[in-house]
Amino acid sequence: MAGEDKSQVEDQQPDAVTETVDETVAADETVEPVAAETVDVDALQLELAQAQDQVAALKDQELRTRAEMQNIRRRAEQDVEKAHKFALEKFANELLPVVDSLERAIEASSSDDEAVVVLREGVEMTLNMFLTGLGKFKVDQHNPVGEPFNPELHQAMSMVPNPDLPANSVMAVMQKGYSLNGRLIRPAMVIVSKGAE
């Protein structure tokens, strides 16, 4: 019997110890998770706020990058457009002295001799064809006689008193001005009136 009591006591002791351990563990589990959740929630909220800030910064950076790319694309398109529009500028500048020479030849041929008249007509036709060809490529001639002097378009060679014209008017043109697609490539050389003194 003494052996049986001892085995019953041994059988009961592990159960009692197990129950005590289970109760302790259960008590610990109820306390620990609450504290752990509080710490984790605060940490997670902090991480979430940081992630949202990072997302906002990345979105802002993306918008700025897109805007910069659009600006670069637009500038490149404008540069290409200007290159197409003004590619002929140097070429046109080289041809302008030819136009000036043809105009001087017409002015110099004022004789009524039949040979000179025929020559003058030929030069006039050549000049007209030349100016028409330049016009097709948007090279425009400016003859500002009688217009007010504009320093952006005209280059004053001298000022002469003239009571018949208002002050700062173009009296005469020594060399005509030209523009390519609306951009000045050579200013007109002019004589400007001073007006009555």
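Our subject is the structure that appears above.
A short tour of the structure in this document, coming up. (Residues numbered from 1 in each chain as written. Predicted model: local features only at pLDDT ≥ 70, side-chain atom pairs only at ≥ 80, totals over all residues. Heavy atoms only, no water.)

**A closer look at the sheet that holds strand β2 (residues 154-160)**
Logical step 1: Taken in spatial order, the 3 strands line up as β2-β6-β3 in an open sheet, and their pairing is mixed. Edge strands, defined here as strands with exactly one partner in the open sheet, are β2 and β3 (170-175). Averaged over all adjacent pairs, the angle separating strand axes in this sheet is 30°, with direction ignored.
Logical step 2: Across 6 bridges, β2 lies against strand β6 (residues 188-193) in parallel orientation. If you follow Val160 over to β6, its bridge partner there is Ser193. (Pairing = 2+ DSSP bridges. Helix = DSSP H or I, 4+ residues; strand = E, 2+ residues; numbered from the N terminus. Axes fitted to C-alpha atoms, helices over the stretch in contact; angles between N-to-C directions.)

**Things to note about the sheet that holds strand β1 (residues 139-142)**
Logical step 1: The 3 strands lie next to each other as β1-β4-β5, forming an open sheet whose pairing is antiparallel. Whereas interior strands pair on both sides, the edge strands pair on one side only; in this sheet they are β1 and β5 (183-186). When strand polarity is set aside, the average angle formed by the axes of neighbouring strands in this sheet is 35°.
Logical step 2: Relative to β5, strand β4 (residues 177-180) runs antiparallel, the two sharing 3 bridges. Across the sheet, residue Leu180 finds its bridge partner in β5, namely Arg183.
Logical step 3: Sitting on the sheet, helix α2 (residues 89-108) touches β1, β4 and β5, and the angle it makes with β5 is about 55°. (Contact = heavy atoms within 4.5 Å.)

**A short note on helix α3 (residues 114-136)**
Logical step 1: Given a rise of 1.5 Å per residue, 23 residues ought to cover 33 Å, and the 33 Å separating the end C-alpha atoms of α3 matches this to within 8%.
Logical step 2: For α3, the set of buried residues is Arg120, Val123, Leu127 and Leu134.
Logical step 3: Buried residues along α3 sit against α2 and β1.
Logical step 4: Structurally, the start of α3 carries an N-cap: the backbone nitrogen of Ala115 is 2.9 Å from a side-chain oxygen of Asp113.
Logical step 5: One or two steps after α3, the chain reaches Lys138, where phi turns positive at roughly 65°. (Expected span 1.5 Å × (residues − 1). Buried < 20%, exposed > 50% of the residue type's maximum accessible area, 1.4 Å probe, protein only. Polar contact = N/O pair within 3.5 Å; in protein donor to acceptor, adjacent residues only side chain to side chain.)

**Examining the side chain of His154**
Logical step 1: Tracing the backbone shows His154 in strand β2.
Logical step 2: Relative accessible area serves as the criterion here: at 7%, His154 is assigned to the buried category.
Logical step 3: With sequence-adjacent residues up to four places away left out, His154 is seen in contact with Pro144, Glu147, Pro148, Phe149, Val170, Pro187, Ala188 and Val190.

**Digging into α2**
Logical step 1: For α2, built from 20 residues, the straight-helix expectation of 28 Å at 1.5 Å per residue is met to within 8% by its first-to-last C-alpha distance of 29 Å.
Logical step 2: All buried positions along α2 are accounted for by Ala92, Leu95, Leu96, Val99, Asp100, Leu102, Glu103 and Ile106.

**Here we look at the pattern of salt bridges**
Logical step 1: Within this structure, the stated rule accounts for 5 salt bridges.
Logical step 2: In this structure, Arg64 engages Asp60 in a salt bridge whose closest nitrogen and oxygen atoms are separated by 3.0 Å. Separated by 4 residues within a single helix, Arg64 and Asp60 lie in helix α1 (residues 2-85), roughly one turn from each other.
Logical step 3: By relative accessible area, Arg64 is classed as exposed at 56%.
Logical step 4: Between Glu62 and Arg66 there is a salt bridge whose closest N-O contact spans 2.9 Å. With a gap of 4 residues between them, Glu62 and Arg66 both fall in helix α1, about one helical turn apart.
Logical step 5: Arg66 gets classed as exposed once you look at its relative accessible area, which sits at 51%. (Salt bridge = Lys/Arg side-chain N within 4 Å of Asp/Glu carboxyl O.)

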